[in-house]
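# An overview of the molecular structure
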Amino acid sequence: MKITPGPSSNKPSAKGQKVGQAAPANYWNITPEQLLTTLHATPAGLQQADAEQRLKQYGPNTIRAQQRTTALRLLLSQFKSPLVLILIFAAIVSAFVGEWVDASIVLAIVLGSTILSFVQEYTAGNAVEKLRSQVTIKSSVLRGGQPQTLPSEQVVPGDVVVLSAGSLIPADGIVLEAKDFFVNQAVLTGETFLVEKKPGTVPANASLAERTNCAFTGTSTASGTAHMLVVETGETTVFGQVAEHLKLRPPETEFERGIRHFGNLLTQVMLVMVVIVLGVNIFLKKPFLDSILFALALAVGLTPELLPAIISITLSHGAQEMAKRGVIVRRLTSIENFGSMDILCTDKTGTLTEGVVSLDGAHDAQGQASDAILRYAYLNAHFQTGLTNPLDDAIQAAAQKAKLDVSAEKKVDEIPYDFSRKLLSVITANDKGEHTLITKGALDNVLAICTNLQSGDGLHPLDAPARTEIEKRFSEWSEQGFRVLGLATKRIDGQHAAYSHTDENGLTFTGFLLFFDPPKTDVQQVIADLTKRGVQLKIITGDNQKVARHVAEAVNLPLMGVLTGRELNGLKDEALWHLAERTTLFAEVDPNQKERIILALKKTGHVVGYMGDGINDAPALHAADVGISVDTAVDVAKEAADFVLLKKDLAILKQGIDEGRVTFANTIKYILTTISASFGNMFSMAGASLLLSFLPMLAPQILLENFLSDIPATTIAGDNVDPEMVEKPHRWNTKFIRNYMVLFGLVSSIFDFLTFGTLLFLFRASPEVFQTGWFIESLLTELVIALVVRTRHVFFRSRPGKLLLVSSLIFIGITLVLPYLPFVSVFGFVPLPLPLMLAMLGLTALYVLATELAKKYFYSILANANA
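Conventions we followed
Residues numbered from 1 in each chain as written. Predicted model: local features only at pLDDT ≥ 70, side-chain atom pairs only at ≥ 80, totals over all residues. Heavy atoms only, no water. Helix = DSSP H or I, 4+ residues; strand = E, 2+ residues; numbered from the N terminus. Expected span 1.5 Å × (residues − 1). Contact = heavy atoms within 4.5 Å. Salt bridge = Lys/Arg side-chain N within 4 Å of Asp/Glu carboxyl O. Buried < 20%, exposed > 50% of the residue type's maximum accessible area, 1.4 Å probe, protein only. Phe/Tyr/Trp six-rings, centres within 6.5 Å; stacked < 30°, edge-to-face > 60°. Axes fitted to C-alpha atoms, helices over the stretch in contact; angles between N-to-C directions. Parallel < 35°, antiparallel > 145°, perpendicular 65-115°, else oblique. Left-handed = near helix turned anticlockwise from the far one by under 90°. Nonpolar A, V, L, I, M, F, W, Y, C, P; charged D, E, K, R; others polar. pLDDT = per-residue confidence, 0-100. Pairing = 2+ DSSP bridges. Patch = residues over 30% accessible without salt bridge, like charges linked within 9 Å, V, L, I, M, F, W, Y side chains within 5 Å. Areas by Shrake-Rupley, 256 points an atom, 1.4 Å probe, with all protein chains shown as cover. Lys, Arg positive; Asp, Glu negative; His and termini not counted. Charge placed at Lys NZ, Arg CZ, Asp CG, Glu CD.

### Points about helix α13 (residues 390-401)
Over its 12 residues, α13 extends 16 Å from the first C-alpha to the last, a length consistent with the 16 Å expected when each residue adds 1.5 Å. Its buried side turned inward, α13 meets β10 (358-364), α12 (371-383), β12 (423-429), β13 (435-442), β16 (483-492) and β17 (507-516). Where α13 ends, the next residue or the one after it, Lys-403, has phi of about 55°, a positive value.

### Describing the pattern of salt bridges
Counted by the stated rule, this structure contains 22 salt bridges. In this structure, Arg-790 and Asp-719 form a salt bridge, with 2.7 Å as the shortest nitrogen-oxygen distance. Of this pair, Arg-790 sits in the loop between α27 (767-789) and α28 (802-817) while Asp-719 sits in the loop between α24 (699-713) and α25 (724-727); the two residues are 71 residues apart in sequence, bridging distant segments of the chain. Exposure remark for Arg-790: the relative accessible area of 5% places this residue in the buried category. Here the salt bridges share partners, and the residues they tie into one network are Glu-321, Lys-324, Arg-325 and Glu-659.

### Here's the deal with the packing of aromatic side chains
The final tally for this structure, using the stated rule, is 21 aromatic pairs. An angle of 75° between the planes, with centres 5.2 Å apart, marks the rings of Phe-509 and Phe-512 as edge-to-face. The exposure class assigned to Phe-512 is buried, which follows from its relative accessible area of 0%. For the pair Phe-756 and Trp-774, a centre-to-centre distance of 4.5 Å together with 80° between the ring planes defines the contact as edge-to-face. With Phe-756 in helix α26 (residues 734-762) and Trp-774 in helix α27, this residue pair connects regions lying 18 residues apart in the sequence.

### Details of the packing of helix α19 (residues 573-581) against helix α20 (residues 591-603)
Running from amino to carboxyl end, α19 crosses α20 at an angle of 80°, the nearest separation of the two axes being 8 Å. Relative to α20, α19 is oriented roughly perpendicular. Between α19 and α20, the contacting residues are Asp-573, Leu-576, Trp-577, Ala-580 and Glu-581 on the first element and Arg-596, Ala-600, Leu-601 and Lys-603 on the second.

### Some thoughts on the packing of α26 against α27
For any two helices packed against each other, one specifies the crossing angle of their axes together with the interaxial distance. Contact pair α26 / α27: the axes reach a minimum separation of 11 Å and the direction vectors enclose 150°. Compared by their axis directions, α26 and α27 come out roughly antiparallel. In this structure, α26 crosses over α27, and the sense of that crossing is right-handed. In contact with Tyr-740, Phe-751, Asp-752, Thr-755, Phe-756, Leu-759 and Leu-760 of α26, α27 contributes Phe-770, Gly-773, Trp-774, Glu-777 and Val-789. Of the residues that constitute the contact of α26 with α27, the class distribution is 8 nonpolar, 2 polar and 2 charged.

### Brief notes about the confidence of the model for the chain
The predicted model of the chain averages 82 in pLDDT, with 85% of residues at 70 or higher. Throughout residues 1-22 the model reports pLDDT below 50, and contacts reaching past four residues in sequence, or to other chains, amount to 61 contacts. Per-residue pLDDT stays below 50 along residues 244-248; that stretch engages in 5 contacts with residues further than four places along the chain or on separate chains.

### Considerations on the sheet that holds strand β23 (residues 643-645)
Reading across the sheet, the 8 strands line up as β8-β23-β22-β21-β9-β18-β20-β19 and stay open at both edges, with mixed pairing between neighbours. A strand with exactly one partner marks an edge of an open sheet, and here the two such strands are β8 (327-329) and β19 (562-564). Taken pair by pair, the neighbouring strands of this sheet meet at an average axis angle of 20°, ignoring direction. Pairing of strand β9 (residues 343-346) with strand β21 (residues 608-611) involves 4 bridges; the strand directions are parallel. Residue Cys-345 lies in a different strand from β21, and its bridge partner there is Tyr-610.

### Remarks on the environment of Gly-609
Position of Gly-609 relative to the elements: it lies in strand β21. On the basis of relative accessible area, Gly-609 is assigned to the buried category, the value being 0%. Distance in space between the C-alpha atoms of Gly-609 and Ala-624 is 5.6 Å, their sequence separation being 15 residues.

### Describing unusual backbone geometry
Its identity is not glycine, yet Asn-26 carries a phi of approximately 55°, on the positive side. With respect to the helices, strands and loops of the structure, Asn-26 is situated in the segment before α1 (32-38). Here Asn-26 falls in the partly exposed class, since its relative accessible area comes to 31%. With a phi close to 60°, Glu-588 is a non-glycine residue in the positive phi region. Structurally, Glu-588 is set in the loop between β20 (585-587) and α20.

### Notes on a nonpolar patch on the surface
Residues Val-272, Ile-276, Leu-690, Leu-691 and Phe-753 make up a contiguous nonpolar surface patch of about 470 Å² in total accessible area. Mapped onto the nonpolar patch, the elements with two or more residues apiece are α8 (254-283) and α23 (650-691). Here Ile-276 lies in helix α8.

### With respect to α24
The end-to-end C-alpha distance of α24, which contains 15 residues, comes to 21 Å, matching closely the 21 Å that a straight helix rising 1.5 Å per residue would cover. Counting buried residues in α24 gives 14 out of 15 residues, a clear majority hidden from the surface.

### Quick look at the side chain of Lys-669
In this structure, Lys-669 sits in helix α23. Not counting residues up to four positions away in its chain, the partners in contact with Lys-669 are Ile-716, Asp-719, Asn-720, Val-721 and Arg-790.

### Some words on the environment of Ala-25
Among the structural elements, Ala-25 can be located in the segment before α1. Along the sequence, Ala-25 and Ala-204 sit 179 residues apart, while their C-alpha atoms lie 8.5 Å from each other.

### Concerning a negative patch on the surface
Negative charge collects at one region of the surface, where Asp-444, Glu-471, Glu-567 and Glu-588 lie side by side. Mapping Asp-444 onto the fold places it in helix α14 (residues 443-448).

### Re the environment of Asn-337
Looking at the element boundaries, Asn-337 is found in helix α11 (residues 335-340). With relative accessibility at 7%, the residue Asn-337 sits in the buried group. Considering only alpha carbons, one finds Asn-337 and Pro-729, 392 residues apart in sequence, at a separation of 9.4 Å.

Now the structure itself:
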């Protein structure tokens, strides 16, 4: 979407909106002044009315690849299964040869199943979209010269975006002004190093990486500040143009991979069975069209066609329940990982501590309280314009409480904070025109740029004894739980050139700033609850190890081991794999080391969650199986997260873990139902078709059975879950699923063949009676099995969800009266004698008993072997 002067063209865009003439090619080669004129914009930004008009004309700043699937597209996607298409084709053929009744029944049931799946998925999708809208990425934009915060999708060409550390860049544009503005654009260029962006022009043929005056959609601000003029938005950005070619889908989760393998397994079994059944029936000279329809219906019965809908429903239900507990799900497929998580890594601030940082003291170099140090700190915090942080907020609150007046001081310049220097400097000028460089930051980094020490009697060299004394005070305060920053100053001559980090040298160390963040009162119980649920808590922090150790001990977090960033640098990956599991506290680490720790824990087979809200947390959030951030986090952290907490609280997180495990358990229930009764029934049906002189069940009957048993299955998402499924993490286990399928499919088949014998030899059933009787028994077993296999306990000791129980009972009742209804003759059903119906009920009751015995055997012997 590009704006240029002149009337808009009437040529519609891909979205159906009108677009203006193309912006000048190679806009990075045009001066900012010329581009502002071309875009009818000013450095103060657009007027609100102009911006609203442009938004209507050019549409929202979104990328098509990320837009929602429409209702029509979702409906059509229900017909993408080859089996469904072949079944529809076969029904049409039946109609052409005069089998109108069979064709109509098949088409009606296929359509009913499709609509059922569509309604469930569409409803689930709408619910999830409403939840996601609660967490939006926002941008700071100048409108009429005043900064406004608005959703990034409302950014339009001609806007001037205000960027600072942690900002996601919402559009493509040129830099109008910048101060130590460094950008991470690895998402586009693959380059891991930060790139500095400055105003100016570059050659027209400059590559993407060489356009140092441009910032691009999808990249993020690592440090510094800037104003950017938006030139392109949405699909015409560099990111938008390549989005369809990028692998935007996040890595496949363990559960998704297991589901895919499970589906492939059933499909392979289905194909082999169908080909054999069709071939044998044709060889036995059974009706050709009936044989094809029977084989295809058998395939539909074997295929877990409702599995995608069931997964969507359970995930959506889980997302809604998590939202009630203050956890917004950004990526649905990560819910299963949330439940499987067995290690949670987090910073201490706001999770183990209250997150309300206060300035406990401003001390001079000798450790005495000092108003002068507080004044210097206030000037630094007051004039810095980079990332808002709680330390600066605490300094300003303390200074305002002390009623400090800095109105005589003027800001000259600043050198923004970054994570390599760990320093923030501000240059001020007093009413006499004297310039002072004030620097605060990590104590070691501050001392590294100092040559002198300020004491009561003047300046002294910062020699080894002085450093030792400073470090002693630092150590004592750290052990008491204070976070300590150093503060240094330097009187400098006024200069016209911009200041940079090269000016941070030869400073005088003037004092300390002590911050305190008390531990949360309830965090000990939360840690105990997480431990009880099999989740090990690890602290990963940039703070020094003494402060972090104090907090860990204060909340009774067992410390198995401590690793510092310096020690990590000396470890090879293989050594870290072994140490990471045995370490509870990682201190003094940088962003890349956080990511390395997460990857090491994943390498040793753990499902790892990481909770962070800062710029330096983004790499670790990306690397973790479960990325967790908070609503107040910087944009780049929220964008990287799978879940966003509305409040930074481990208690909320614990509830989210429970809901993730409930979601996992309910999804597994549908799979266990599918691979027990359904698989066994279809296998038996295939075998019976080879032995009988008639088809054991007609195609419409198979499809009707499949449809009726699917309806109660859609209520599994709201089912109750046994406590043991929540008490510890569970993971997809292919061996468990395979053994379950073999044992319970075998039990189901045994009872199917008992049913065959009962119908053929005890009641001498005709083909119509046989088909009706077996339909009743087969559908009853599929309905009751969901109530049996949903729990590891005896089924009547575990209360099912109300919807599942009621819907199952309703359809059991429908099953029993179905043969006696007047219209069912079109399906080939006939009324059953009462003794035969009682026999089917008796076989179903015996089947429940046998399944309970098999379940007890499986969970006491086989399940342990599968673990």
